[in-house]
Amino acid sequence: MKKYELMAPAGDFSMLSAAVNAGADAVYFGLNVFSMRQAAKNFTIKDLDEIEKICKPKKVKRYLTLNTIIYNHELKDIEEIIKKARKKIDGIICWDLAVVQLCKKYKVPFFISTQASVSNIESAKFYKKLGAKRIVLARELNLKQIKEISKIKGLDIECFIHGAMCVSVSGRCFTSQFLFSKSANRGECLHPCRRSYIVKDEEGNELKIENSRIFSAKDLCALPFIEEMKKAGISSFKIEGRNRDARYVDTVVRIYRKALDKKLTEKELKDSLKEFERIYNKGYSSGFYIKLPTADDFSRTENSFATEKKHFVGKITHYFDKISVAAVKLVSELKVGDEIIIIGDLTGIISSKIEKIEMNRKSIQKAKKGSEVGIKLPKVKKNDEVYVLIKNLK
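Keep in mind it's a predicted model, so treat the numbers as computed, not measured.

Caption draft 1: Seen up close, the pattern of salt bridges. The final tally for this structure, using the stated rule, is 32 salt bridges. Two residues, R62 and D90, come together in a salt bridge whose shortest N-O distance is 3.6 Å. Taken together, the residues span a long stretch of sequence, with R62 in strand β3 (residues 61-65) and D90 in the loop between α3 (75-85) and β4 (91-94) at a distance of 28 residues. Here D90 falls in the partly exposed class, since its relative accessible area comes to 29%. Salt-bridge contacts for K310 lead to D245; the nearest nitrogen and oxygen are separated by 2.7 Å.

Here is the structure:
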């Protein structure tokens, strides 16, 4: 069976560890500059060594995103970044031709970002001639069009399979820039498209509309037709979500890893789609892959339809290896029976259920805010964060 690359987003170390542990073949991440997700925690150049330590044992590839618009006064800075990063990454995702030229100068493999909106075979050939190893195709394409472009020999094709979609589709939107002077093309988007709007003419007449989120696209979910995507000549399957969290990454990577490695049964597909409902989502859509989007592909929520959310309750202060017990300093109530998740930079994410709580060597059913308690847990680390899952939000 053909091995497909599954690429996961990493907005911080906990997401990176979660992606690696869940079975991603590659991760993509930005630095604190020149990243399309400036709201994410992101990384620094100094973090590249630690990223390598986490990824290398499992042979997970590391792709650095430098895919914003670059201005003249920034050329020296971006050259310095590429020089320092070149031996610590497997490739750079970019689209500005200045960055392309610098990648060629320092012999760094580069992939053309979806920001370039490559949507035809001649554009793809042009970037291949420039030296691109891979192209992240425009999101406006259907599977038939992708299959045609994938016939170019020696050029890998990468496509998104899950996550948020911009109302401008491939992401080159100016709404945030016009309203708040925060450019989406510089990674600063404030997502005004997700708000509710009133449609009014110059005379003050208001248009009554069924869904006031007139700019807010549903999230992409390709799982129901992943078998068709496998046949479209795609080499790398990419998950959007550098602004999400480790729980989101863990869930989405685990499910798509299974779906890429085998054909899901009807029950597995149904169960997986149910699991997707638990994490952040604005409703799900097939994007442009199967058919053109309709009014039904616009979201009806400003935030999320997730049926579960996490509530921060405390931090790990110590872990006793011999007895597999963690000491937790609480900032909120914790009780026996709670389902919890632990998130940490090297831990990634661990799920557990509270079977027993001890305080001052006595078993208790409930612990109050401010208490320090002991709970039985798999291996975790000091300063890992503990969350209680709140369920059945719908």
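Caption draft 2: Up close: the sheet that holds strand β22 (residues 385-390). Read across the sheet, eight strands follow the order β17-β16-β22-β13-β14-β21-β18-β19 without closing on themselves; strand pairing throughout is antiparallel. A single partner strand is all that each edge strand has here, and the edge strands are β17 (348-353) and β19 (362-364). For this sheet the average axis-to-axis angle between neighbouring strands, irrespective of direction, equals 40°. Both strand β14 (residues 325-330) and strand β21 (residues 372-376) contribute to a ladder of five bridges, which runs antiparallel.

Caption draft 3: Broad picture of a nonpolar patch on the surface. A grouping of F174, F178, L179, F180 and L190 is seen on the molecular surface, where their side chains present a nonpolar patch of about 540 Å² in accessible area. With respect to the helices and strands, L190 occurs in the loop between α7 (175-180) and β8 (199-200). Given a relative accessible area of 45%, L190 falls into the partly exposed group.

Caption draft 4: How the structure looks around the nonpolar core. Counting 97 residues, the largest nonpolar core has I92, I146, M229 and Y256 as the members making the most contacts within it. Per-element accounting of this core gives the leading share, nine residues, to helix α9 (residues 246-261). One finds I316, I354, A367 and I375 within the second-largest nonpolar core, a separate group that totals 19 residues.

Caption draft 5: Geometry of the packing of helix α1 (residues 13-22) against α9. Closest axis-to-axis distance for the α1/α9 pair is 8 Å, and the angle between their directions is 20°. Accordingly, the angle class assigned to the pair α1 and α9 is roughly parallel. Viewed along their axes, α1 and α9 form a crossing whose handedness is right-handed. Only A246, V249, D250, V253, R254 and R257 of α9 make contact with α1, whose side of the interface consists of S14, M15, A18, A19 and A22. Its residues assigned to classes, the contact of α1 with α9 shows seven nonpolar, one polar and three charged.

Caption draft 6: Representation of the environment of D201 within the structure. Secondary-structure assignment places D201 in the loop between β8 and β9 (206-207). Judged by relative accessible area, D201 falls into the partly exposed class, the value being 37%. Distance from D201 to N142, taken between C-alpha atoms, is 35 Å for residues 59 residues apart in sequence. Only 2.8 Å separates the side chain of D201 from the backbone nitrogen of N205, close enough to count as a polar contact.

Cut-off values and rules
- The residue count restarts for each chain, going from 1 along the sequence in the order it is written.
- Residues qualify for local features only when their pLDDT is at least 70, as the model is predicted, and side-chain atom pairs are given and counted only at 80 or more; totals for whole chains, interfaces and linings, by contrast, use all residues.
- Heavy atoms from the whole structure form the basis of all side-chain values; hydrogens and water molecules are not counted.
- One side-chain nitrogen of Lys or Arg within 4 Å of one carboxyl oxygen of Asp or Glu is enough to make a salt bridge.
- Numbering of helices and strands runs from the N terminus, with a helix taken as a DSSP run of H or I at least four residues long and a strand as a DSSP run of E at least two residues long.
- Each residue is assigned to one of three classes by its accessible area relative to the maximum for its type, calculated with a 1.4 Å probe on protein chains only: buried under 20%, partly exposed between the two thresholds, exposed over 50%.
- The rule for pairing is simple: two strands pair if DSSP sees at least two bridges between them.
- To define axes, lines are fitted to C-alpha atoms, for helices over the stretch in contact only, and angles between the resulting N-to-C directions are given on a 0 to 180 degree scale.
- Like-charged residues are merged into a patch within 9 Å and nonpolar side chains (Val, Leu, Ile, Met, Phe, Trp, Tyr) within 5 Å, provided each residue has over 30% relative accessible area and no salt bridge.
- To be clear on the numbers: accessible area is Shrake-Rupley with a 1.4 Å probe, and residue cover counts the displayed protein chains and nothing else.
- Residues enter a nonpolar core if they are buried and are Ala, Val, Leu, Ile, Met, Phe, Trp, Tyr or Cys, with the set joined through side-chain atoms within 4.5 Å.
- Reported orientations rely on four angle classes, namely roughly parallel under 35 degrees, roughly antiparallel over 145, roughly perpendicular from 65 to 115, and oblique for the rest.
- In this scheme the handedness of a crossing depends on how the near helix is turned from the far one: anticlockwise by less than a right angle means left-handed, clockwise means right-handed.
- Should any heavy atoms of two residues lie within 4.5 Å, those residues are considered in contact.
- Classes in brief: Ala, Val, Leu, Ile, Met, Phe, Trp, Tyr, Cys and Pro nonpolar; Asp, Glu, Lys and Arg charged; the others, Gly included, polar.
- Polar contacts, as counted here, are pairs of nitrogen or oxygen atoms within 3.5 Å of one another; within protein the pair requires one atom able to donate a hydrogen and one able to accept it, and residues that are adjacent in sequence qualify only if both atoms are side-chain atoms.

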